[in-house]
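Report on the structure
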Amino acid sequence: MPSLLHNLLLDLKRRGHCVLNELAVLEKGLPANFNAHRAGVVQRLTRALALVDDLLADPDLADPMLEPNFFMDFKRLSELILNVEDSSLLILKRCSQEDRFLSALLQQICCEVGYKEPAPLCGALSFQYFQALMGMDIIMTPQTQASELLALPDLYHELAHFVLFRRRTEFEVPLLGLIHKFFADAIRKGKQQGLPEASLEIIEENHGLWTGSWHVEFACDMVAAYWCGPAYGLANLRLSATRGDPYQDGSTHPADDARRAGIECILKLAGESQASDEIDGMWHDLKRLSPSAQPAGYSKRYSMRLLEQLAKCVYDACVKAGFRGLAAQRQSENAFVSRTVSDAWKAFQHDAGAFPTFESSAIERLKSQLVPS
Amino acid sequence: MSDLSIIAHDYELNAEFARKFNDAVLNLKRLYLLRRAITPDAHAEIEKSRSELQHLLESLVLALQDEDKSWTADQAQVPADVLDRLHKRLKGELSETILELRRVTDSLAKGAALDETAFAALDRVCEAADATASAAFRRLRRI
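Residues numbered from 1 in each chain as written. Chains lettered and ligands numbered in written order. Predicted model: local features only at pLDDT ≥ 70, side-chain atom pairs only at ≥ 80, totals over all residues.

1. Points about the overall build of chain A
Note the threshold: A run of H or I in DSSP counts as a helix once it spans at least four residues, and a run of E counts as a strand once it spans at least two, with each numbered from the N terminus. Between the buried cut of 20 or more and the exposed cut of 12 or fewer other C-beta atoms within 10 Å of a residue's own C-beta lies the partly exposed class, and all C-beta atoms are placed from the backbone. C-beta atoms are first placed from the backbone for all residues, and any pair lying within 7 Å is then listed as a contact.
Helix and strand counts for chain A stand at 15 helices and three strands. C-alpha extents for chain A along the principal axes are approximately 70 × 65 × 40 Å. When each of the 373 residues of chain A is scored for burial, the buried share is 41%. Considering only intrachain contacts with a sequence separation of at least 6, the fraction spanning at least 24 residues in chain A is 75%.

See below:
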C-alpha cells in the first residue's frame, strides 16, 4: 500500500499540473511583462514538478530514517505551488488595466532609480495596503492605487524590500553588524555601570526587535527616501496620520516617529536638509494633534546615534549599488515618474483643494506614456 | 509597508535555509545511514552536500554559542527565527547540542563519515528550520 507521503506527493503533482495548465491557457493576450512573469513561473513550476516526480520515484521514499526529511521537501514544494496560485496566477488571470498600468509604472521606476533586475509585477489586489512578495516577484498594492499619486512613494518602499532581500550581503548584513555591535556595547557599558538585571533585559529586548524585523523596515524606508526624496517623507507622514499613534510599535514595525527620524537622516545625507526640516515641522503638528505621548524609555529604544549609523550605511550601499538618488533623477529628462511624484506632493502642499484636478491629469499623462492604447 | 512584506522576507529566508540544510542532510543520510553506493555522478553531489552542510553548521554553531562574543557576518547565514526556535527547543540541551554540532562540523571538515548520533543532532536542526519555515508560511498565507 502506498505511503501517506506518496499519496500527498501524487496530490501535489495533480495540483501543480492544474496550476500549470491554467498558466498555459493565459499565454495569449498578455502584455510582454506579464508574459515574461508567466514564463518564469512556468519554468519554476516545471522544475518543482520534476522534483516531485524524482521524489515519487525515489526507492528510499518510505524509509523511516529518511521519510521525515522527504516530508520537509514536500512542504517546501507545496508552499511554492500555493504561493503561485495565490499571487502569480491571480494577477495573470486578472491582468486588469490597473494592474497593467501599475506594472508599467513600476518598470519605469526601476529604470529611473537604477534597479537593474526585472521589475516585479504589480497587482492592485491587496486588502492589506502595500505588500512585497519577494519570492514571487510581485508587489500587491491597494485597489485604488492606479488612480492616486500621494501614496506612490510607498511603491518605492516595497521595491526596496526586494533590494534588502536580493542584495542581502550588501544591504542587510552590514546593518545587522552595526546593530549587534551597538547593543553589545550597550550591554557591556550597562554591566560596567552596574545596571539592574531588568534594565539589561530591556536592552536585550530592544536588540531582538532591531535585529528581528525593524532593521529591514528602517532600511526600506531609507532606500525609498534615497530614491524618492522628500516625497517619501511626506507620504510617510500621511500614512502615519492614518495609523494614529506615532509612538506605537510592534514586532514587525518600529514606531512611525522613529521611522520619520530614519527617513530624515537619509534626506540630510542627500542634501535635502531644508525639506527634512519642513517635514519635521509637519510632524510636530501631527504630534500636537495626536493624544499619545512618548513612552518611557523611547529615546533609548530608538537611539538617534544608531539610526544615523544605519542611514550612512544604507546611503553608501545605495551609492555603491549604482542606484540613482532623487538629485540624479532630476537631471534626467526620462525620469518622469519621480518628477510626477515630487510635483504631486508640491501641488498638494500648495493647494490641497485643487489637488484632485492636478492628480487626474497627471495620471492620465502617465498612462499615455506608459500604457498607450 | 504592511506586515506581509516583512513576513514574506522572513519566510523566504527561513524556507531557503530549511531547504538547503535538509537537502544536504538527506543526501548524506543515504550514504552513511542507508549505505547506498555512490555512482561517479553522485560523488560530486555528496561533496557539495558535505561542504554546504559544513559551511551552514559553522555559521550555526557561531550563532548559537556564547552570545557575548562579537557578531560576525557569517552568522547572518542562519535566520534569526531559526535561532530563536533552536534556543527555545534546546534550552537545557543547548551546550551538548553545540558540542555535537561542532563534532559533526569537524567530521565534515576531515572527510570522515557521519554516525547516527551526528544525524540525530542534524535532524534537530532540520526540524527547527522546517517548523520555522512552516510557521512563517502560515503567517504569510493566513492559513
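Having seen the model, we can carry on.
2. Overview of the interface of chain B and chain A
Using the following cut-off: Each residue gets one label: Ala, Val, Leu, Ile, Met, Phe, Trp, Tyr, Cys and Pro are nonpolar, Asp, Glu, Lys and Arg are charged, and the others, such as Gly, are polar.
Counting residues at the interface gives 29 residues for chain B and 36 residues for chain A. Put simply, the parts of the chain that give the side of chain B that touches chain A at least two residues each are helix 1 (3-32) and helix 5 (116-141) of chain B. Looking at the side of chain B that touches chain A, the element that brings in the most residues is helix 1 of chain B, giving 15 residues. Of the residues in the side of chain B that touches chain A, the class split is 16 nonpolar, six polar and seven charged.

3. A short note on the nonpolar core
Residues and elements named next belong to chain A. Definition in use: Core membership is restricted to buried Ala, Val, Leu, Ile, Met, Phe, Trp, Tyr and Cys residues, and these are joined into a nonpolar core through C-beta atoms within 7 Å. Boundaries between domains were set according to an automatic or database domain assignment.
In this structure, Ala219, Met222, Val223, Ile266 and Val314 are the most contacted members of the largest nonpolar core, which totals 134 residues. Residue assignment places this core across two domains, with domain 1 (1-95) and domain 2 (153-337) each supplying three or more. With residues up to four places along the chain from it excluded, the contact list for Val314 reads Phe171, Ala219, Met222, Val223 and Ile266.

4. Some words on the packing of helix 8 (residues 230-243) of chain A against helix 9 (residues 256-269) of chain A
Residue and element names in this part refer to chain A. Applicable threshold: Axis lines are fitted through C-alpha atoms, for helices just across the contact stretch, and the angle between N-to-C directions can take any value from 0 to 180 degrees. By the definition adopted for this analysis, an angle is roughly parallel if under 35 degrees, roughly antiparallel if over 145, roughly perpendicular if from 65 to 115, and oblique otherwise.
Packing of helix 8 against helix 9 leaves a shortest axis separation of 10 Å and a crossing angle of 175°. It follows from the interaxial angle that helix 8 and helix 9 lie roughly antiparallel. The segment helix 8 lies against helix 9, with Pro230, Tyr232, Gly233, Asn236, Ser240 and Arg243 engaging Asp256, Arg259, Arg260, Ile263, Glu264 and Leu267. Grouping the constituent residues of the contact of helix 8 with helix 9 by class yields four nonpolar, three polar and five charged.

5. Things to note about helix 1 (residues 4-25) of chain A
All names here are of chain A. To keep things clear, this is the line we draw: The span one expects for a helix is its residue count, reduced by one, times 1.5 Å. In this description, one arc is meant: the one made by directions from the helix axis to the C-beta atoms.
For helix 1, built from 22 residues, the straight-helix expectation of 32 Å at 1.5 Å per residue is met to within 8% by its first-to-last C-alpha distance of 32 Å. For helix 1, every residue scored as buried is listed here: Leu9, Leu12, Gly16, Val19 and Leu23. The buried side chains of helix 1 occupy one side of the element, clustering within an arc of 85° when seen end-on. In helix 1, those exposed residues whose orientation departs by more than 90 degrees from the buried face are Asn7, Arg14, Cys18, Asn21, Ala24 and Val25. Buried positions along helix 1 lie against helix 2 (32-57) and helix 3 (67-94).

6. Side note on the domain arrangement of chain A
Along its sequence, chain A is carved into domain 1 (1-95) and domain 2 (153-337). If you average the C-alpha positions of domain 1 of chain A and of domain 2 of chain A, the two centres end up 38 Å apart.

7. Remarks on unusual backbone geometry
Backbone geometry follows two general trends: most residues other than glycine have a negative phi, and most peptide bonds adopt the trans configuration. Residue and element names in this part refer to chain A. Phi is positive for Cys95, which is not a glycine, with a value near 40°. Within the secondary structure, Cys95 is located in the loop between helix 3 and helix 4 (97-113). A positive phi angle, near 50°, is found at Tyr129, a position not held by glycine. With respect to the secondary-structure elements, Tyr129 resides in the loop between strand 1 (121-126) and strand 2 (131-133).

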